[in-house]
Amino acid sequence: MPELPEVEIVKQSLEKSVLFQTIQEIQVRNRNLRFKVDINIKKKFNGLKITKIFRVSKYLLIKFQNNSFLLVHFGMSGTLHQVKKNIEKKNTNLSFYNNRDLPIRHNHIIIKFKKFSIIYNDPRRFGFFIPFEDEVNLKSFLKKLGPEPLTKKFNFVYLKKKLENKTGNIKNTLLDQKIVSGLGNIYVNEILNICKIDPLKTAKLLKEKDLKKIVKFTNIIIKKAINNGGSTIKNFKNILGKEGNFQDTFRAYNNDGNKCKNLNCKGVIKKNFISNRSTYFCTYCQM
DNA sequence: CCGTTAACCTGAGAGC
DNA sequence: TGCTCTCAGGTTAACG
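These numbers come from a predicted model, not from an experiment.

Draft legend 1. Summary view of the sheet that holds strand E4 (residues 69-73). Within the open sheet, the four strands sit side by side as E2-E3-E4-E8. Their pairing is antiparallel. Whereas interior strands pair on both sides, the edge strands pair on one side only; in this sheet they are strand E2 (50-56) and strand E8 (128-132). Looking at each pair of strands side by side, their axes are set apart by 20 degrees on average, direction ignored. Each of E2 and strand E3 (59-64) is contacted by helix H1 (residues 4-18), which is oriented at about 170 degrees to E2, the strand it contacts most.

Draft legend 2. Spotlight on the packing of helix H4 (residues 156-163) against helix H7 (residues 208-227). Where H4 meets H7, the closest approach of the two axes is 9 Å, and the angle between their N-to-C directions is 120 degrees. One element, H4, and the other, H7, form an angle in the oblique class. By crossing handedness, the relation of H4 to H7 is classed as right-handed. Counted together, Phe156, Leu159, Lys160 and Leu163 of H4 and Glu208, Leu211, Lys212, Ile214 and Val215 of H7 form the full contact between these two elements. Per-class residue counts for the contact of H4 with H7 are six nonpolar, no polar and three charged.

Draft legend 3. View of the packing of helix H6 (residues 185-194) against H7. Where H6 meets H7, the closest approach of the two axes is 9 Å, and the angle between their N-to-C directions is 130 degrees. If you check the angle between H6 and H7, you find them oblique. Pair H6 / H7 crosses with right-handed handedness. Facing Tyr187, Glu190, Ile191 and Ile194 of H6, the residues of H7 in contact are Ile214, Phe217, Thr218, Ile221, Ile222 and Ala225. Residue composition of the contact of H6 with H7, by class: eight nonpolar, one polar and one charged.

Draft legend 4. Inspection of the packing of aromatic side chains at higher detail. Under the definition given, this model contains 13 aromatic pairs. Ring centres of Phe113 and Phe116 lie 5.4 Å apart, and the angle between their planes is 35 degrees; on these two criteria the pair is classed as tilted. Pair check on accessibility: Phe113 and Phe116 agree, each one buried. Cluster of aromatic residues (ring-pair linked, three or more members): Phe35, Tyr59, Phe128, Phe132 and Phe141. The ring of Phe54 carries Lys52 above its face, with NZ or CZ at 4.8 Å from the centroid.

Draft legend 5. Quick look at the pattern of salt bridges. Overall, the coordinates contain 11 salt bridges when judged by the stated rule. Between Lys44 and Asp38 there is a salt bridge; the shortest N-O distance is 3.9 Å. Residue Arg55 is joined to Glu148 by a salt bridge in which the shortest nitrogen-to-oxygen separation is 3.2 Å. With Arg55 in strand E2 and Glu148 in the loop between helix H3 (135-142) and H4, this pair connects stretches of sequence that are 93 residues apart. Each of Glu8, Arg55 and Glu148 takes part in one network of salt bridges that share partners.

Draft legend 6. Spatial organisation of the sheet that holds strand E1 (residues 25-28). Across the sheet, four strands lie side by side as E1-E6-E7-E5; this open sheet has antiparallel pairing. Strand pairing shows two members of the sheet lacking a second neighbour, E1 and strand E5 (79-84), which therefore form its edges. Strand after strand, the sheet turns through a mean of 20 degrees between neighbouring axes, direction not considered. The sheet contact formed by E5 and strand E7 (residues 116-121) spans six bridges and is antiparallel. Looking at E7, one finds that Gln82 is bridged to Ile118. Contacts from H1 reach E5 and E7 within the one sheet, and its direction differs from that of E7 by about 155 degrees.

Reading the values: rules and limits
- Each chain has its residues counted from 1, running along the sequence as written.
- Written order decides the labels, with chains lettered from A and ligands numbered from 1.
- Only residues with pLDDT of at least 70 get local features here, since the model is predicted, and only at 80 or more are side-chain atom pairs given and counted; chain-wide, interface and lining totals rely on the full set of residues.
- Hydrogens are left out, water is left out, and the side-chain values use all remaining heavy atoms of the structure.
- Strand pairing follows a simple DSSP-based rule, namely that at least 2 bridges must link the two strands.
- Numbering of helices and strands starts at the N terminus; helices are DSSP runs of H or I of at least 4 residues and strands are runs of E of at least 2.
- To get an axis, fit a line to the C-alpha atoms, keeping to the stretch in contact for a helix; angles then go from 0 to 180 degrees between the N-to-C directions.
- Note on contacts: a residue pair is in contact if any heavy atoms of the two residues lie within 4.5 Å.
- For classification purposes, an angle smaller than 35 degrees is called roughly parallel, one larger than 145 roughly antiparallel, one from 65 to 115 roughly perpendicular, and anything else oblique.
- Less than a right angle of anticlockwise turn of the near helix away from the far helix marks a crossing as left-handed, whereas a clockwise turn marks it as right-handed.
- Put simply, Ala, Val, Leu, Ile, Met, Phe, Trp, Tyr, Cys and Pro go in the nonpolar bin, Asp, Glu, Lys and Arg in the charged bin, and everything else, Gly too, in the polar bin.
- Ring pairs are drawn from Phe, Tyr and Trp, using the six-membered ring of Trp, whenever the two centres fall within 6.5 Å, and their geometry is named by plane angle: stacked under 30 degrees, edge-to-face over 60, tilted for the rest.
- The buried label applies to any residue whose accessible area, calculated with a 1.4 Å probe on protein chains only, is under 20% of its type's maximum; exposed applies above 50%, and partly exposed to all values in between.
- By definition here, charges over rings are those cases where NZ of Lys or CZ of Arg is within 6 Å of the ring centre and within 35 degrees of the ring normal.
- Definition used for salt bridges: Asp or Glu carboxyl oxygen within 4 Å of a side-chain nitrogen of Lys or Arg.

What follows is the structure in structure tokens.
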């Protein structure tokens, strides 16, 4: 599911409800996520107050009063839901698709607070929870990530240096979290379309003006996506069930057959596959 | 070192 | 109605 903007929206909504709250209990109903959930997760965080909620690229991080951390990744279909106390066993009416009842069997982790609970639901189980004893261990886990959009480190000079030997195509390169962290398939498609760059173009062959455009429009699109509550394709929602709106302004993703939205471009958006990921591009201005 | 591919999962929708 | 097939906001081990 979520790329940087969606995780940011979850972070913002979670912060409003659980910052400075104390965890009463964590229930793990199914440990078999992308990585097996640490069986001690309950002991580690019981009775601890949350002192900070933040995000690093696509990771959500919860910090506790003893300076330990809980890292959450949502994979493709993970969501958090705030529910009233003691209704964890009922369907939460926030489903994977549409608004049918969400199958209770995908409620894998339940974090209980005094007045409500937060449920982690993930039908495909590509997400994961990892506890960290301290900041050193957490930073070690995150150190492989490249800079995020909207930070000073993500700039033209950095990108030029990073791409100068990249023989792969620009689309896969931008999806590589070691180069830039936080982008996923939707936003890379959107960025390359507005920059008028062929997704299959070899990364190191891009002109300087193209790299400058990538930096500029990556920041613009990510900022706009956050301001629009993220993108809801199938099941993304914040913890209160609110969907995003950015999908309404997609220019490439899911737009095959539609006219290219670039100014004065007469082209049409086509769909193909690059490394098994759907890729949307204009056959006129992106070639 | 590099880039590509397959694998991990479930569910919705299309086609027959 | 029901079966089979494809595809989905991600990551990464294994391979050439």
